[in-house]
Amino acid sequence: MTRLAARQTRPANPATTTPRRGAAGSIGHRLDTEWGHLRFDVRSLRKARHWNLIDGSIDDLDQILGAAGARRASTGDTEAVMRKLLCLASRGDELAARIALQRVLPGLVRESTRWRSTRSRTISAAFDDIVGAAWIAIRAFNQQRSPSCHAAAIISEAAERSFRNRTASADEIVQEPEHFARSVAVDQPNALEEVAELVASARDAGMAEADLDLVRDLVREGSPGRVARQRAVTPRTIRNHRDRITRDLRQIALAA
């Protein structure tokens, strides 16, 4: 999920790893392995200490994970720590985003298990989808929001992106974003101008900046696979998000 490098290794704490239950699959194993290395990484620890999120010395990122509400009841203090992580993540801090993702992983497993029957997908496929959606939700966190439980809000948004929207529109015929861009204004000869106009309309309509970024990446790269490699997620995740955004773009185009 991230490109953070590990410098030191200690045994992972079983209480902080992704619950197995068959839901995590290969991506869950990869996240567990990554966290086992990352939590003791010297550079990451040095960076986390500058955040001043908790009192005392930090020698394990699990300390921040616990302070953000992992394995304990939510309090005003845990919510403040989680909010700080999300705000840092929304400003481009990949380490903060990765810690926030680790915080919500147990909830993502529960949601993927709950929604695994959506369009006959496996639990592993459902987990892949919701992890990718959660990563985007974390990186695009709106600092104007003040949910009562930040972890629950991220999990809910990820489930909405991955499962609920798709279930409601499973019978729709999906097209590439470029198809609708070319269809918006047939009297415009320049396809690039049409795409730019549609993106501008989407922004005016309130489309999330993370969704607009994905449209731009797809137009630039021309392949969900290449975009997936750049974002360190699965191609399926990009295709699912592309399909959802396509439906949103269709609605915007028809209303224009």
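**Remarks on the nonpolar core**
- Counting 48 residues, the largest nonpolar core has W51, L61, I64, L85, I99, L101 and L108 as the members making the most contacts within it.
- Sorting the residues of this core by element identifies α1 (25-38), α2 (42-49), α3 (62-67), α4 (76-90), α5 (94-114), α6 (123-139) and α7 (150-168) as the ones contributing at least two each.
- A202, M207, L249 and I252 belong to the second-largest nonpolar core, a separate cluster that totals 13 residues.

**Some remarks on helix α11 (residues 224-231)**
- Among all positions of α11, only P224, G225, V227 and A228 are buried. Along the long axis of α11, the arc covered by the buried residues comes to 160°, so they all point the same way.
- Among the residues trailing α11, A232 stands out with phi positive, at a value near 60°.

**Some details on unusual backbone geometry**
- The phi torsion at R71 lies on the positive side, around 60°, for a residue other than glycine.
- The phi dihedral of A232 falls on the positive side, at around 60°, and the residue is not glycine.
- Checked against the element boundaries, A232 lands in the loop between α11 and α12 (235-255).
- You can call A232 partly exposed: its relative accessible area is 22%.

**Digging into the environment of E209**
- Tracing the chain through its elements places E209 in helix α10 (residues 209-221).
- E209 gets classed as partly exposed once you look at its relative accessible area, which sits at 42%.
- Spatially, the C-alpha atoms of E209 and N142 are 9.9 Å apart, while their sequence positions differ by 67 residues.
- Ignoring sequence-local partners within four residues, the contact set of E209 consists of R203 and R216.

**Here's the deal with α4**
- The terminal C-alpha atoms of α4 lie 21 Å apart, and with 15 residues this matches the ideal 21 Å at 1.5 Å per residue to within 8%.
- What α4 keeps buried is the set T78, E79, V81, M82, L85, L86, C87, L88 and A89.

**Description of the confidence of the model for the protein**
- Overall, the predicted model of the protein reaches an average pLDDT of 76, with 70% of residues at or above 70.
- Per-element mean pLDDT across the protein ranges from 41 in helix α8 (residues 177-184) up to 96 in α3.
- Note that residues 5-12 has pLDDT below 50 and, in this model, 18 contacts with residues that lie over four places away or in other chains.
- In the predicted structure, residues 14-25 sits below a pLDDT of 50 and forms 35 contacts with residues beyond four places in sequence or in another chain.

**Topic: the pattern of salt bridges**
- Here the structure, examined in full by the defined rule, presents 8 salt bridges.
- Residue R39 pairs with D60 through a salt bridge whose shortest N-O separation is 2.6 Å. With R39 in the loop between α1 and α2 and D60 in the loop between α2 and α3, the pair connects residues that are 21 residues apart, well separated along the chain.
- Here R39 falls in the buried class, since its relative accessible area comes to 4%.
- The partner of D243 in a salt bridge is R242, and the shortest N-O contact between them spans 3.1 Å. Across the pair, R242 and D243 agree in class, each one buried.
- Bridged by salt links that share partners, the residues R39, D60 and D62 form one connected network.

Quick notes on the rules
Residues numbered from 1 in each chain as written. Predicted model: local features only at pLDDT ≥ 70, side-chain atom pairs only at ≥ 80, totals over all residues. Heavy atoms only, no water. Core = buried A, V, L, I, M, F, W, Y, C linked by side-chain atoms within 4.5 Å. Buried < 20%, exposed > 50% of the residue type's maximum accessible area, 1.4 Å probe, protein only. Helix = DSSP H or I, 4+ residues; strand = E, 2+ residues; numbered from the N terminus. Arc of directions from axis to C-beta. Contact = heavy atoms within 4.5 Å. Expected span 1.5 Å × (residues − 1). pLDDT = per-residue confidence, 0-100. Salt bridge = Lys/Arg side-chain N within 4 Å of Asp/Glu carboxyl O.

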